[in-house]
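Secondary and tertiary structure notes
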Amino acid sequence: MSALFPALAVPSDRPALRCGADTLTYVELARAAGSLAVRIGGADRVAVWATPSAHTAVAVVAALLAGVPAVPLNPRTGERELAHILGDSTPGAVLAGPEDVLPAGLAGLPRIDVELTPTTGPSLAEPDDAESPALIVYTSGTTGPPKGVVLSRRAVAASLDALAEAWAWTADDVLVHALPLFHVHGLILGILGPLRRGGEVRHLGAFSVEGVERELGAGGTMLFGVPTMYHRIADALGGDAGLVKALAGARLLVSGSAALPVHDHERITAATGRTVVERYGMTETLMNTSVRPGGEPRPGTVGTPLADVGLRLVDEDGSVLSPLDGETVGEVQVRGPNLFSGYLNRPDATAAAFDGDWFRTGDMAVREADGAVRLVGRKATDLIKSGGYKIGAGEIENALLDHPGIREAAVTGEPDPDLGERIVAWVVAEDASAPPAEAELVDHVAGLLAPHKRPRVVRYLDALPRNDMGKILKKALPAAR
Ligand code: MCA
Ligand code: AMP
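A brief look at the structure comes next. (Residues numbered from 1 in each chain as written. Chains lettered and ligands numbered in written order. Predicted model: local features only at pLDDT ≥ 70, side-chain atom pairs only at ≥ 80, totals over all residues. Heavy atoms only, no water.)

Section: the nonpolar core
Of all hydrophobic cores here, the largest spans 89 residues; its most connected members are Leu135, Trp167, Ile188 and Leu192. If you look at the next biggest cluster of nonpolar residues, it comprises 21 residues, including Ala399, Leu441, Val445 and Val458. (Core = buried A, V, L, I, M, F, W, Y, C linked by side-chain atoms within 4.5 Å. Buried < 20%, exposed > 50% of the residue type's maximum accessible area, 1.4 Å probe, protein only.)

Below, the structure written as structure tokens:
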């Protein structure tokens, strides 16, 4: 396989990345990542304390240069989730910025500080094995703790190249975003994507409409975001001529990780004349489809399959559906070089996820006459998409049940104009006369799992609705209030 980062093999003085005050050219990135790669070479796996910083980008590039699989860690991960990820992925060290304060859960691991400006840095030949694991990214399922998705160098390269073809993404592009760097969207598409092309990425550190306006106004050509970010941009467009101009000047506005409501598409197009391009992917599959820029605006669809991606709809019995009628609903299955290699330590879950070489996405869709995919729902109601994060109801229920004041718990997602869905916890207190306060339960979940998994609303009930078998009837919950 050819190198993941051709621009690092013969590095130039072109800008590679900017995050806050830190900027690195390709020469500087090659030196920083090259010297770190030497320090971690030989490790089986490394964890990366994935703050939204240049240090994270250098750490992950170094791991890829060294051929050592990287496990990005959400720096806000709570104690239970962190313990699970470390126990499951058994990294030999953790890479972190020199200023980062690491939690007690990482105390047992050797720490390697990421330096941005080492004085020397050897140039390294990248490993050649396309099937070797590049990254292990943790993702939620409906029940149990998150699973480690093993992504090969082949999958990363194939998906980034398919996007480059679909979007005419080149070394001249300057990508602007503020996505977290411990998921596929922000890290693989948002950092490794521009670096594979030899272009530039500017990470805002934290999302703000002002930051988007500033960087798109100062030469940014592409913006990546989740729908919540575009919703906030759409809210701000009304009175902000500078923001309108910045968006209108960008070459490509891309939304993904969850559905961008048609209303937000329309508000952005009405104000700027630009259409937001939606693409559809998954941690396990990287990118599957995209609307093609320059074609007809297609709000509500996620476009057609990317190069080399096979996509089919399958009904309940496993029969393949072929009508391009915009009506017949089936589960999306995909295959191609973009797919993951399996769940770490979970051959059972890996086997269950496949139908032959087709991966069952769990997403339900119809196909339009031109083959465009329109997602209409998910098979599992116990998966919630909030702010673009996938969150399993089961893991939150388990965390709530661990609170001594909680006897029963059920978690659902409710429509939310900003987050897409908000997490709602329905609880029965041990002592109905003195239930734990809402803030206490919210902090409890945030502390064990992660802040984005915290319930946004807690509703107290005397009992959860159950069927004769004792199973909680989640659909009956709203009526039980
Ligand atoms: C509030 N906070 C708390 C608590 N309450 N912290 C601890 N305990 C509490 N009780 C803090 C948070 O830590 C955070 O601090 C701040 O309050 C707000 O956090 P949050 O609620 O998460 O922010 P938000 O306003 O809801 O965030 C919106 C967002 C975010 C910026 C859009 O949801 C986001 O970054 N989403 C991106 C998700 C994503 O990348 N998904 C990709 C996976 P502070 O402000 O200091 O941070 S999907 C994927 O990869 C596939 C392949 C795909 O298709 O893309
Ligand atoms: P994750 O497992 O966190 O990587 O999230 C993947 C899921 O996000 C997919 O299975 C879809 O349900 C959803 N998703 C990603 N992109 C889109 C999109 N453009 N529109 C609707 N849903 C999306």
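After presenting the structure, the write-up continues.
Some details on unusual backbone geometry
Even without being a glycine, Thr90 presents a positive backbone phi close to 40 degrees. Along the polypeptide, Thr90 turns up in the loop between helix H4 (79-89) and strand E5 (94-96). On the basis of relative accessible area, Thr90 is assigned to the partly exposed category, the value being 48%. Of note in this structure, Asn345 is not a glycine but carries a positive phi near 60 degrees. Here Asn345 shows up in the loop between strand E19 (342-343) and helix H11 (347-353). (Helix = DSSP H or I, 4+ residues; strand = E, 2+ residues; numbered from the N terminus.)

Overview of the site of ligand 1
Taken together, 27 residues sit near ligand 1, with Arg76, Ser257, Arg279, Gly387 and Asp443 positioned nearest. Here an oxygen atom of ligand 1 and a side-chain polar atom of Ser257 are 2.6 Å apart. Compared with its free state, where it exposes 1100 Å², ligand 1 has 71% of that area covered by protein. Elements supplying a minimum of two residues to the shell around ligand 1: helix H6 (184-197), helix H8 (227-237), strand E13 (277-282) and helix H13 (438-448). (Near = heavy atom within 4 Å. Polar contact = N/O pair within 3.5 Å; in protein donor to acceptor, adjacent residues only side chain to side chain. Areas by Shrake-Rupley, 256 points an atom, 1.4 Å probe, with all protein chains shown as cover.)

Re the pairing of strand E1 (residues 15-19)
Where E1 meets strand E2 (residues 22-25), four bridges bridge the pair, whose relative direction is antiparallel. Across the sheet, Pro15 pairs through a bridge with Thr25, a residue of E2. Note that E1 and strand E10 (residues 200-203) share three bridges and pair parallel. Bridged to Cys19 within E10 is His203. (Pairing = 2+ DSSP bridges.)

Some thoughts on the packing of helix H2 (residues 26-40) against helix H3 (residues 54-66)
Orientation of H2 relative to H3, taken along the N-to-C sense of each, is 60 degrees, at an axis distance of 8 Å. On the basis of their axis angle, the class for H2 and H3 is oblique. In this structure, the crossing between H2 and H3 has a hand that is right-handed. On H3, the residues that touch Leu29, Ala32, Ala33, Gly34, Leu36, Ala37 and Ile40 of H2 are Val58, Ala59, Val61, Ala62, Ala63, Leu65 and Ala66. Among the residues making up the contact of H2 with H3, the classes are represented as 13 nonpolar, one polar and no charged. (Axes fitted to C-alpha atoms, helices over the stretch in contact; angles between N-to-C directions. Parallel < 35°, antiparallel > 145°, perpendicular 65-115°, else oblique. Left-handed = near helix turned anticlockwise from the far one by under 90°. Contact = heavy atoms within 4.5 Å. Nonpolar A, V, L, I, M, F, W, Y, C, P; charged D, E, K, R; others polar.)

With respect to the environment of Asp264
Residue position: Asp264 is located in helix H10 (residues 262-272). In sequence terms Asp264 and Ile233 are 31 residues apart; their C-alpha atoms lie 9.0 Å from each other.

Regarding the side chain of Thr412
Turning to its location among the elements, Thr412 is positioned in strand E25 (residues 406-416). Within the local environment of Thr412, its side chain forms a polar contact with the side chain of Trp426, the two groups lying 2.9 Å apart.

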